[in-house]
Amino acid sequence: MNDTKKRLLLVDASSYLYRAFHAMPEFRSPAGEPTGAIMGVVNMLRKLGGDYPSDYIAAVFDPKGKTFRDEIYPEYKATRQAMPEDLAAQIEPLFETIRALGWPLVVVEGVEADDVIGTLARHAEGVHGWDTLISTGDKDLTQLVSERITWVNTMSNETLDPKAVEAKFGVPPERIVDYLALMGDAVDNVPGVDKVGPKTAARLIGEYGSLEAVMAHAGEVKGVVGENLRRALDWLPTGRTLVTVKTDVPLPFEIESLVKGTPDKAKLAALYERFGFRSLREALEKGEAPGVGEAGFALARSPLSAPKGSTASPAEASKPQGAAAHSHAAFIGTRRYEAVLDESALDRWMAKIDGAQLTCFDTETTSLDPMAARLVGIAFCVEPGEACYIPLAHRYPGAPDQLDFDGTLARLKPWFESARHRKVGQNAKYDRHILANHGIDVRGVVHDTLLESYVLESHQRHDMDSLAMRHLGAKTILYEEVAGKGASSICFDQVSVESATGYSAEDADVTFQLHGVLWPQVEADAKLRHIYADIEIPVAGVLLAMERNGVLIDSRLLATQSGELGAKMMALEAKVHELAGQPFNLASPKQLGEILFERLKLPVVKKTPSGAPSTDEEVLEKLALDHPLPKALLEHRGMSKLKSTYTDKLPRMVNARTGRVHTNYAQAVAVTGRLSSTEPNLQNIPVRTAEGRRIREAFIAPPGSRIVSADYSQIELRIMAHLSGDRSLIDAFAAGEDIHRHTASEVFGVAQAEVTSEQRRYAKVINFGLIYGMSAFGLAGNLGIERAAAQSYMDKYFQRYPGVAAYMERTRNEAKDRGYVETVFGRRLWLPDIVSANQARRQGAERQAINAPMQGTAADLIKLAMIAVQGWLESEGLATMLIMQVHDELVLEVPEGELDRVKPQVEKLMTGVTSLAVPLVVEAGVGENWEKAH
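Definitions and limits used
Residues numbered from 1 in each chain as written. Predicted model: local features only at pLDDT ≥ 70, side-chain atom pairs only at ≥ 80, totals over all residues. Heavy atoms only, no water. Helix = DSSP H or I, 4+ residues; strand = E, 2+ residues; numbered from the N terminus. Rg over C-alpha atoms; globule rule 2.2 N^0.38 Å. Buried < 20%, exposed > 50% of the residue type's maximum accessible area, 1.4 Å probe, protein only. Lys, Arg positive; Asp, Glu negative; His and termini not counted. Charge placed at Lys NZ, Arg CZ, Asp CG, Glu CD. Salt bridge = Lys/Arg side-chain N within 4 Å of Asp/Glu carboxyl O. Contact = heavy atoms within 4.5 Å. Core = buried A, V, L, I, M, F, W, Y, C linked by side-chain atoms within 4.5 Å. Pairing = 2+ DSSP bridges. Axes fitted to C-alpha atoms, helices over the stretch in contact; angles between N-to-C directions.

K.L.:
How would you summarise the overall build of the chain if you had to cite specific residues and measurements?
P.N.:
A count of helical and extended segments in the chain gives 37 helices and 22 strands. In terms of overall dimensions, the chain is globule-like: its C-alpha atoms have a radius of gyration of 32 Å, near the 30 Å expected for 934 residues. In terms of overall dimensions, the chain has a C-alpha envelope of 95 × 80 × 60 Å along the principal axes. Here the chain, with 934 residues, has 55% of them falling under the buried criterion. Across the chain, the mean location of the 104 positive side-chain charges is 3 Å away from that of the 125 negative side-chain charges.

K.L.:
Just give me the short version of the pattern of salt bridges, but keep the residues and values in it.
P.N.:
For the coordinates displayed, the defined rule picks out 56 salt bridges. A salt bridge links Glu536 to Lys863, with the shortest nitrogen-to-oxygen separation between them at 2.7 Å. Of the two residues, Glu536 is situated in helix H22 (residues 526-549) and Lys863 in helix H35 (residues 839-876); the sequence distance between them amounts to 327 residues. Grouping residues by exposure puts Glu536 and Lys863 together as buried. For Glu876, the salt bridge goes to Arg901, with nearest N and O atoms at 2.7 Å. Of the two residues, Glu876 is situated in helix H35 and Arg901 in helix H36 (residues 899-911); the sequence distance between them amounts to 25 residues. Its relative accessible area of 39% is what places Glu876 among the partly exposed residues. Residue classification places Arg901 among the partly exposed positions, given a relative accessible area of 41%. Each of Arg69, Lys77, Glu112 and Asp115 takes part in one network of salt bridges that share partners.

K.L.:
Which residues make up the side chain of Arg432, and what are the values?
P.N.:
Mapped onto the elements of the fold, Arg432 is located in helix H17 (residues 428-437). The charged side chain of Arg432 is buried without a salt bridge, its nearest counter-charge being Asp441 at 5.2 Å. Filtering out sequence-adjacent residues up to four positions away, Arg432 remains in contact with Ile440, Val442, Val445, Gly541 and Leu544.

K.L.:
Could you give me a rundown of the environment of Ser555, with the residues and numbers involved?
P.N.:
By the element assignment, Ser555 lies in helix H23 (residues 555-580). Between the C-alpha atom of Ser555 and that of Leu650, which follows or precedes it by 95 residues, the distance is 7.8 Å. When residues no more than four places from it in sequence are discounted, the contact partners of Ser555 are Pro651 and Val654.

K.L.:
Break down the nonpolar core for me, citing the residues and quoting the values.
P.N.:
If you look at the biggest cluster of nonpolar residues, it comprises 126 residues, and the most contacted ones within it are Phe699, Tyr712, Val869, Met884, Leu890, Leu892 and Met910. At 11 residues, the largest contribution of residues to this core is made by H35. Excluding residues that lie within four positions of it along the chain, Val869 makes contacts with Leu882, Leu890, Leu892, Val906, Leu909 and Met910. Val108, Ile205, Leu211 and Val243 belong to the second-largest nonpolar core, a separate cluster that totals 58 residues.

K.L.:
Which residues make up the sheet that holds strand S4 (residues 131-135), and what values do they have?
P.N.:
By way of backbone hydrogen bonds, the strands of a sheet pair with one another, either parallel or antiparallel. The strand order S3-S2-S1-S4-S5-S6 describes an open sheet built from six strands, whose pairing is mixed. The open sheet has two edge strands with one neighbour each: strand S3 (105-106) and strand S6 (158-160). Relative to strand S2 (residues 56-60), strand S1 (residues 7-12) is paired through five bridges, and the arrangement is parallel. Within S2, the position partnered with Leu8 by the bridge is Tyr56.

K.L.:
Give a description of the sheet that holds strand S11 (residues 423-425) that names residues and reports values.
P.N.:
Judged by pairing direction, the sheet is mixed, and its six strands sit side by side in the order S7-S10-S9-S8-S11-S12 without closing on themselves. In the strand order of this sheet, the two ends are held by strand S7 (336-339) and strand S12 (445-448), each with one partner. Strand after strand, the sheet turns through a mean of 25° between neighbouring axes, direction not considered. In terms of strand pairing, strand S9 (residues 375-383) meets strand S10 (residues 386-391) through six bridges, oriented antiparallel. Looking across to S10, one finds that Phe380 is bridged to Cys388. Seen against the sheet, helix H16 (residues 405-416) touches strand S8 (359-365), S9, S10 and S11 and runs at an angle of roughly 40° to S9.

K.L.:
So what's going on with unusual backbone geometry? Which residues, and what values?
P.N.:
Going from Glu679 to Pro680, the amide bond is cis rather than trans, its omega being 0°. Its location among the elements puts Pro680 in the loop between strand S15 (676-678) and helix H27 (690-697). A positive phi angle, near 50°, is found at Glu679, a position not held by glycine. By the element assignment, Glu679 lies in the loop between S15 and H27.

Distances and angles like these do not, on their own, reveal function.
Spelled out as structure tokens, the structure:
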């Protein structure tokens, strides 16, 4: 048989499985099952089926257990870690789903997926004359590439034929095995020649022709490479065998059997329901082909999904030119993107945005610094699939004529400043900054997809790439694809107008489509709609104003403090050396470990993953209880951090144009709803040390003004009283009692007048520790007492405050049932690990469940306070400015003539934003600098 019209599509599904597990958010089903890898693989298979229609298809997986390579080399893959529990749990349900999609699923006992793929590809080529497409991310399989066999990596949108293989690796497909043997394979624990990387391997093969020839001429290869090559001569034949894909393994089926079956829609509907894949289920119900992989299906938003690791950084969440934002798009419908290069085109688009009910806008800029970036171009979208890009400042040889910069902005300014024209953006605060840099005060931003996502699923990533993949099944153009990365990157004004149009218009289009998916979900829930429309959207405008206001700092004072800190650090270093009995590098964990554990014989508290005694901060704090050296070292580290992070750095961050420091407040980072301050971080200046408090002295008011600091008092304890409904706590706050003295009286069984300072200190630790879900073990560590004593204090606390105990139990149970807890105002705080099989993670989530409603409610309160205060300042036309928000505190710069009005009104507004079961109390102070006002 020789039918050249037929094609075989082979998917290296094991490769996809791991990539999906690590790349996708950690989705979980309503029952708490991990489903991220399932969603990722199903997504990939559907897209592959749509992008590469084929006569024969197969999803090929590795089998369990050993293969022939383990017999040749027992250390083969020995360095690979065991499959994570959450991934192993998804294998069987994934197999079930793939079969229901109608995909032939291939697992051959004792034969790796690569060898199955190699055998099928060569059989299709040699026996049937078919074309074969191998979909994988594994470079080893490029050795199979031929005129009829193509390698494709859908994650990087890379397709390799024989010429492309040679261009990429420097060797043709038939020499890939030699190339791999020389380099070795760290992933599979296959040794190669030491110090031989891709370039050297390609050079050796290019010079001598093959591995055999390289080995024969090993004596001619000079230097370290030659020495290492000669040492590896006995091994290389074995290494070559290990990296060679077999193409002749016996298979228990005929290749013609690999035809796509009819999808089992009933089965798929049940599986999608079980996994919480709502959008896939809806597509199935609408009759959309479930296994074909149309390019724009929407991924479901799993109610228990979470990102691996930390939440997105501000750079990732701020889409404009963030490296985390984009790759190749494939959404529903035709894309019509236009570069606006003349007045007639501008007229057409101005008419469109003027008449649109909602317009998405997006800026391209010269920098990620919102206060310094300049505009390069603007994109607009008024309906899905139709967008434009207006290039305004592309400066490269041969750039096309562009519209006049100032004239075009002058024409657009009335539309941007019109509140009547409704606008949507992705992290629109950044775009508003950019336009403000050019004298445009953007109004009418009624929606922001970053904030829609944050309100729906605060634990997820909210950058555009993640949102597009999660909700549109789409990959968007990578910024680095148009501007490069690293040292070879170019400014956006050097990007060609053609590339910039595809990139920026797509941004606007994707954002418009994301809004169409996200907003209905927010709007359908009254609580979430309130959080979004009444808190997050308006507070974004307040943050914009605060960031542009900036804060004045005393650079001379900071320079003086830097000198003082440097002198103290030198003295502490000398003291540490004296205590150690010898000089050593304080920044070297190895040298420090030798001093602490070998010379001083201090106890090893814990070890690093490599088995060495740990010298981290937690260890030093424990050792400092009994020895002066770690205590002095911790002081040195603290001062070093203050010096490098604040006293040295802050003066360098003063904006040359404004003379002020401008932080960035990220809304969509903390799961609890708290704001995050970066560049510089003004929320982490330590206040427990004299040196830390002195840094606040450098935050000053200009002549004729004062700093006002207004801080909610014991807000989380008050919220605990409200949430728990505990009568004793509520009465204590209502009476204006000292809550820590009150707790000490209850726990220690003495009258409040007889409570000692030590008892009050214990009560304070207990009060705050328990609202953070602290265990008896943790409380004992914080108080420096026996665990039994700590447990006794906790028992007495819960006896005296039974409402708190009931709240904690009720909240843990609700979190397990729903997968989230709520603030007083209805913000959802997701806890993906609350049903984790891992005990430590589950217990951590249970502790979070206790505290998250308090932290989240406090975050909501301070945001409502910011909105109220800023609204009043604007309505009264005052010159007072909000300049900082730090935890539960607002900081204002107030002209002396407005002090008598502002201070009492701010206190009134902050205490009046809501009504709880206990009174809200605000403590406000005034001073010439932040420290004196605090």
